Amino acid sequence: DTCTVVNDAIFKRSSTLETNRYCFYHCQPVAGGSHTPLSAALASQSTAALQNGGSLVDAECVSVRPAMMHKAISGDMNGRDSGVPLE
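Computed from a prediction, not measured in an experiment: that's the story for all the values here. (Residues numbered from 1 in each chain as written. Predicted model: local features only at pLDDT ≥ 70, side-chain atom pairs only at ≥ 80, totals over all residues. Heavy atoms only, no water.)

**Some thoughts on the overall build of the chain**
Within the chain, the secondary structure is distributed over four helices and four strands. The order of α-helices and β-strands along the chain, N terminus first, is β-β-α-β-α-α-β-α. The buried share among the 87 residues of the chain stands at 23%. At a minimum sequence separation of 6, the contacts of the chain that also span at least 24 residues come to 50%. Surface summary for the chain: the accessible area is close to 6400 Å², and the carbon and sulfur share equals 53%. (Helix = DSSP H or I, 4+ residues; strand = E, 2+ residues; numbered from the N terminus. Buried < 20%, exposed > 50% of the residue type's maximum accessible area, 1.4 Å probe, protein only. Contact = heavy atoms within 4.5 Å. Areas by Shrake-Rupley, 256 points an atom, 1.4 Å probe, with all protein chains shown as cover.)

As structure tokens, then:
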């Protein structure tokens with residue numbers, strides 16, 4: 001999957017990006033939920049999942065705050081891992 005970007009602060013020379021790449025630089029997971037995809041998958045297979053609905057393998061995410069966005073900007077306009085902490 002791809003998405004279209006216009007006047008993007010991180011990818012100034014790009015007009016389309018793979019969705020996963022866009023999300024890696026523009027989003028951050030929220031606190032809570034399973035610590036790893038493996039623990040979420042195992043929780044979804046437990047008998048307790050019949051009562052509580054199990055766990056999602058993917059975490060919910062929110063947009064990186066504008067004040068933190070500068071950490072993802074790189075000189076080559078390819079983006080860099082900003083290491084933004086959990087919300």
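**Comments concerning the side chain of Asp8**
Mapped onto the fold, Asp8 is located in the loop between β1 (2-4) and β2 (16-18). One buried charged residue, Asp8, remains without a salt bridge, the closest side chain of opposite sign being Lys12 at 8.8 Å. In terms of polar contacts, Asp8 uses its side chain to reach the backbone amide nitrogen of Ile10, at 2.9 Å. Polar contacts involving the side chain of Asp8 include one to the main-chain amide nitrogen of Phe11, which spans 2.7 Å. (Lys, Arg positive; Asp, Glu negative; His and termini not counted. Salt bridge = Lys/Arg side-chain N within 4 Å of Asp/Glu carboxyl O. Polar contact = N/O pair within 3.5 Å; in protein donor to acceptor, adjacent residues only side chain to side chain.)

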